[in-house]
2 protein chains.
Amino acid sequence: MDEFDVIHRYFAPLTRGDVASFGLTDDAAAIPSRAGFAHVITTDAIVQGVHFLEDETPANIAHRLCGSNLSDLAAMGAAPVGFTLAAAWKKGTDARFIEQFAAGLGEWVDAFKFPLLGGDTVVTTGPMTFSLTAIGEVEDGRALTRGGAKPGDTVYVTGTIGDGALGLRAAKGELPDLSKAHVSFLSERFRRPQPRVDAGRALVGRATACIDISDGLVQDLGHICSASGTALRIDARCVPLSDAARSAIDSDPVLIDTILTGGDDYELAFTAHGDLPAADVPLTAIGEVAAGSGGVTVTGFDGEPMTFAHGGFNHFTGT
Amino acid sequence: MDEFDVIHRYFAPLTRGDVASFGLTDDAAAIPSRAGFAHVITTDAIVQGVHFLEDETPANIAHRLCGSNLSDLAAMGAAPVGFTLAAAWKKGTDARFIEQFAAGLGEWVDAFKFPLLGGDTVVTTGPMTFSLTAIGEVEDGRALTRGGAKPGDTVYVTGTIGDGALGLRAAKGELPDLSKAHVSFLSERFRRPQPRVDAGRALVGRATACIDISDGLVQDLGHICSASGTALRIDARCVPLSDAARSAIDSDPVLIDTILTGGDDYELAFTAHGDLPAADVPLTAIGEVAAGSGGVTVTGFDGEPMTFAHGGFNHFTGT
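This is a predicted model, so every value here is computed, not measured.

A look at the nonpolar core
Part 1 of the argument: The biggest cluster of nonpolar side chains holds 54 residues, and the ones touching the most others in it are Phe11, Leu85, Trp89, Leu105 and Phe130 of chain B.
Part 2 of the argument: In terms of residue count, the dominant contributor to this core is helix H2 (residues 58-75) of chain B (eight residues).
Part 3 of the argument: Leaving out residues up to four positions away in the same chain, Phe11 of chain B has contacts with Val6, Leu24, Leu85, Trp89, Ile98, Ala102, Leu105 and Leu116 of chain B.
Part 4 of the argument: Core analysis: the next-biggest nonpolar cluster, separate from the first, contains 53 residues, Leu116, Ala134, Tyr156 and Cys210 of chain A among them.

Points about the relation of the copies chain B and chain A
Part 1 of the argument: Each copy of the sequence occupies a distinct position, and chain B is placed on chain A by a rotation of 180° and an axial shift of 0.0 Å, giving an RMSD of 0.0 Å. The symmetry that links the two subunits is that of a two-fold axis. Considering only C-alpha atoms, the part of chain B nearest the rotation axis is Gly126 of chain B, at 2.1 Å.

Regarding the environment of Asp94 of chain B
All names here are of chain B.
Part 1 of the argument: Checked against the element boundaries, Asp94 lands in the loop between strand E3 (79-90) and helix H3 (95-111).
Part 2 of the argument: The exposure class assigned to Asp94 is partly exposed, which follows from its relative accessible area of 46%.
Part 3 of the argument: One polar contact links the side chain of Asp94 to the main-chain amide nitrogen of Phe97, over a distance of 3.0 Å.

Looking at the pattern of salt bridges
All names here are of chain A.
Part 1 of the argument: The full count for this structure, using the stated rule, is 30 salt bridges over all chains.
Part 2 of the argument: Note that Glu56 and Arg191 form a salt bridge whose closest N and O atoms lie 2.7 Å from each other. Here the residue Glu56 occupies a position in the loop between strand E2 (37-47) and helix H2 (58-75), and Arg191 occupies one in helix H5 (residues 180-191), the gap between them amounting to 135 residues.
Part 3 of the argument: With a closest N to O distance of 2.9 Å, Asp163 and Arg189 form a salt bridge. Here Arg189 lies in helix H5 and Asp163 lies in helix H4 (residues 163-171), a separation of 26 residues in the sequence.
Part 4 of the argument: Owing to a relative accessible area of 14%, Arg189 belongs among the buried residues under this scheme.

Considerations on the interface of chain B and chain A
Part 1 of the argument: Each side of the interface is counted separately: chain B has 66 residues, and chain A has 67 residues.
Part 2 of the argument: The interface formed by chain B and chain A includes four salt bridges.
Part 3 of the argument: Between Asp26 of chain A and Arg146 of chain B there is a salt bridge, with the nearest N and O atoms lying 3.8 Å from each other.
Part 4 of the argument: On inspection of chain B and its partner chain A, the count reaches 21 residue pairs in polar contact (both at pLDDT 80 or more).
Part 5 of the argument: With 10 residues, the single largest contributor to the side of chain B that touches chain A is strand E2 (residues 37-47) of chain B.
Part 6 of the argument: When the residues that make up the side of chain B that touches chain A are grouped by side-chain class, the tally is 32 nonpolar, 21 polar and 13 charged.

Comments concerning H2 of chain A
Residue and element names in this part refer to chain A.
Part 1 of the argument: Its 18 residues give H2 an end-to-end C-alpha distance of 26 Å, which sits within 8% of 26 Å, the value for a rise of 1.5 Å per residue.
Part 2 of the argument: With respect to burial, H2 is a largely interior element, 17 of its 18 residues being buried.
Part 3 of the argument: After H2 finishes, the residue Gly77 shows a positive phi value of roughly 75°.

Quick word on the packing of helix H1 (residues 3-11) of chain A against helix H3 (residues 95-111) of chain A
Residues and elements named next belong to chain A.
Part 1 of the argument: It is the contact of H1 with H3, at a shortest axis distance of 10 Å, that shows an interaxial angle of 45°. Considered as vectors, H1 and H3 are oriented oblique to each other. Considering how the two elements wind past one another, H1 and H3 form a crossing that is right-handed. The residues of H3 that touch H1, namely those facing Val6, Tyr10 and Phe11, are Ala95, Ile98, Glu99, Ala102 and Leu105.
Part 2 of the argument: Of the residues contributing to the contact of H1 with H3, the split by class is seven nonpolar, no polar and one charged.

Here we look at the sheet that holds E3 of chain B
Part 1 of the argument: The sheet built from five strands is open, its strands ordered E1(A)-E2(B)-E5(B)-E3(B)-E4(B) with mixed pairing. The sheet is open, and its two edges are formed by strand E1 (29-32) of chain A together with strand E4 (116-124) of chain B, each paired on a single side. Ignoring strand direction, the axes of neighbouring strands in this sheet form an average angle of 20°.
Part 2 of the argument: Summarising the sheet, E1 of chain A and E2 of chain B pair through four bridges and their orientation is antiparallel. Paired with Ile31 of chain A across the strands is His39 of chain B, a residue of E2 of chain B.
Part 3 of the argument: The strands touched by helix H1 (residues 3-11) of chain B are E3 and E4 of chain B; relative to E4 of chain B, the strand with the most contacts, the crossing angle is about 135°.
Part 4 of the argument: Strands in contact with H2 of chain B are E2, E3 and strand E5 (129-139) of chain B; relative to E2 of chain B, the strand with the most contacts, it is inclined by about 145°.

Comments concerning the domain arrangement of chain A
Residues and elements named next belong to chain A.
Part 1 of the argument: Per the domain assignment, the segments of chain A are domain 1 (3-139) and domain 2 (154-299).
Part 2 of the argument: Between the C-alpha centres of domain 1 and domain 2 there is a distance of 26 Å.
Part 3 of the argument: For the pair domain 1 and domain 2, the summed buried surface comes to about 1,800 Å²; carbon and sulfur atoms form 56% of the total.
Part 4 of the argument: At the junction of domain 1 and domain 2, the tally comes to four salt bridges.
Part 5 of the argument: When the shortest N-O distance is used, the salt bridge between Arg192 and Glu107 registers 2.6 Å.
Part 6 of the argument: Counting every contact that joins domain 1 to domain 2 gives eight residue pairs in polar contact (both at pLDDT 80 or more).
Part 7 of the argument: Elements with a minimum of two residues in the side of domain 1 that touches domain 2: H2, strand E3 (79-90), H3 and strand E5 (129-139).
Part 8 of the argument: No other element matches the 11 residues that H2 contributes to the side of domain 1 that touches domain 2.
Part 9 of the argument: Its residues assigned to classes, the side of domain 1 that touches domain 2 comprises 11 nonpolar, six polar and six charged.

Here's the deal with the side chain of Glu267 of chain B
All names here are of chain B.
Part 1 of the argument: Assignment of secondary structure puts Glu267 in the loop between helix H9 (255-261) and strand E9 (268-272).
Part 2 of the argument: Owing to a relative accessible area of 0%, Glu267 belongs among the buried residues under this scheme.
Part 3 of the argument: Side chain to side chain, Glu267 and Thr158 meet in a polar contact 2.5 Å long.
Part 4 of the argument: Of the polar contacts made by the side chain of Glu267, one reaches the side chain of Arg189; its length is 3.0 Å.
Part 5 of the argument: Excluding anything up to four places from it in sequence, Glu267 contacts Thr158, Gly159, Thr160, Ile161, Arg189, Arg196, Ile211, Asp212 and Ile213.

Conventions we followed
- Residues numbered from 1 in each chain as written.
- Chains lettered and ligands numbered in written order.
- Predicted model: local features only at pLDDT ≥ 70, side-chain atom pairs only at ≥ 80, totals over all residues.
- Heavy atoms only, no water.
- Core = buried A, V, L, I, M, F, W, Y, C linked by side-chain atoms within 4.5 Å.
- Buried < 20%, exposed > 50% of the residue type's maximum accessible area, 1.4 Å probe, protein only.
- Helix = DSSP H or I, 4+ residues; strand = E, 2+ residues; numbered from the N terminus.
- Contact = heavy atoms within 4.5 Å.
- Least-squares fit on C-alpha atoms with pLDDT ≥ 70 in both.
- Polar contact = N/O pair within 3.5 Å; in protein donor to acceptor, adjacent residues only side chain to side chain.
- Salt bridge = Lys/Arg side-chain N within 4 Å of Asp/Glu carboxyl O.
- Nonpolar A, V, L, I, M, F, W, Y, C, P; charged D, E, K, R; others polar.
- Expected span 1.5 Å × (residues − 1).
- Axes fitted to C-alpha atoms, helices over the stretch in contact; angles between N-to-C directions.
- Parallel < 35°, antiparallel > 145°, perpendicular 65-115°, else oblique.
- Left-handed = near helix turned anticlockwise from the far one by under 90°.
- Pairing = 2+ DSSP bridges.
- Domains from an automatic or database assignment.
- Buried area = accessible area lost by both parts, 1.4 Å probe.

Here it is, written out as structure tokens:
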């Protein structure tokens, strides 16, 4: 099967007939502009063995890659429009793998009317590498950014925090004290994160700053501090936890570090002042924005300031 | 040096201060829409040892990747707007390599006011892999496609054909009969292709179908046949050649196959009826569009139909 067969058989159906894609038969896609809107563009790359487990299923690899890009759109308050994919398959990858990979993307295509619009497929002798560019749209000049937090704003998060990082450890068998159900719940949260697209849209015009939690809550809040020129004070006792995460720290309290700095949650962290919009996910206040350049300070369960050995995932060195 | 340092030091300057990029400090870029225009999106991926020589300079790798994406924009008649980059560096890649890679991109950033708008940088244990997503804009509904060729149209190409594929062979030392100057000219054409952006813009509303020559002239014209539902008749004697390419086939006439099917020219092939626009590159008629499903037929130097052993580069199998 050559490149053209692969595209025709597995990827062209993911366009769902969207005319912007030209059926993947042209040099590029052409996405009509909508008056009063900006196109939001984000690109993420993942490498086998670094960003996903060697034995991860192709559907989960694709689902997570696409989900994390949708999460970046959500963080900007953008509605999904479509995406392009660059896939470097390992030499000898069979058609079944590619079919299941495409099926993993297909779940998002359907969930958000988020068609594939183009891309490239190549072969590598090394670990498989995928990159995805997501395109969204948001009202012109109203994209949520990391830069608008103001002293006096409240800091919120969507959903529950720490499930992604605990889920990676659970999937690797590193949390033996957890019940099977909790291991399964956390693994699923790591493997198939749910981007908060609807919440992001609802926050346009309401949040003063927003980011998605990919590197870790503390590190990502640090990005809001830097971009906004403010400090943030967080109370670990307010950070919303799943039952599984709570069970994990009951067994091993030091796991609160993993929860607060571990990354891969793909929840939104945002700052706002005044009423919150209705959302399809719980919004929980976890702290406040303060003046100054002190970065993120976290009060722990004992009421004392916490310090962290590890500030978050470093994508460049992979540590 | 971690991911954030790399982005701050080498990539943030490539935004040239474009506000759409948020200085690479946010989750995504936000590109304002222009009334009456569509955004054109294309993604290409390259792998070390497959799409570029192991010992290629970082500036040339980057220059060629970005140039080939600009060529896809040109083929759609789109003006460059900006790009995102996903880079998977080999573990241990030094800062100097990254700096020179960024410098290679910078040439296009300046040539076309084509700022970097976002991306991702990761590390791989395998061959380096890069993917670039180029964003352009074209008048709404007027993007050039492969699909509009009509019987009676003339087939044209920009510039000279075959220099890319001959250049790869020259760079590998496979064309020993060529003069040093010709080897150098052809290698440069392979390593640093010039996307025909201005010609593509000039062809909007004039060309009936258009494609850029990346897979090989014959194969890419075949894509126009498929998309347009026509046949094409090409005369090899009309295909414009550089002095270096002419010298190569003087030494070894079989190289005409390489010229016609070898790829990597990044010239435009297009069909048109009536007057041509002024362009900054020669436009040469090489054949005509015919009715029917016979694909591309090529008349050779001897006046007889040519057959080809190899229909073009297969990006999926890398053969």
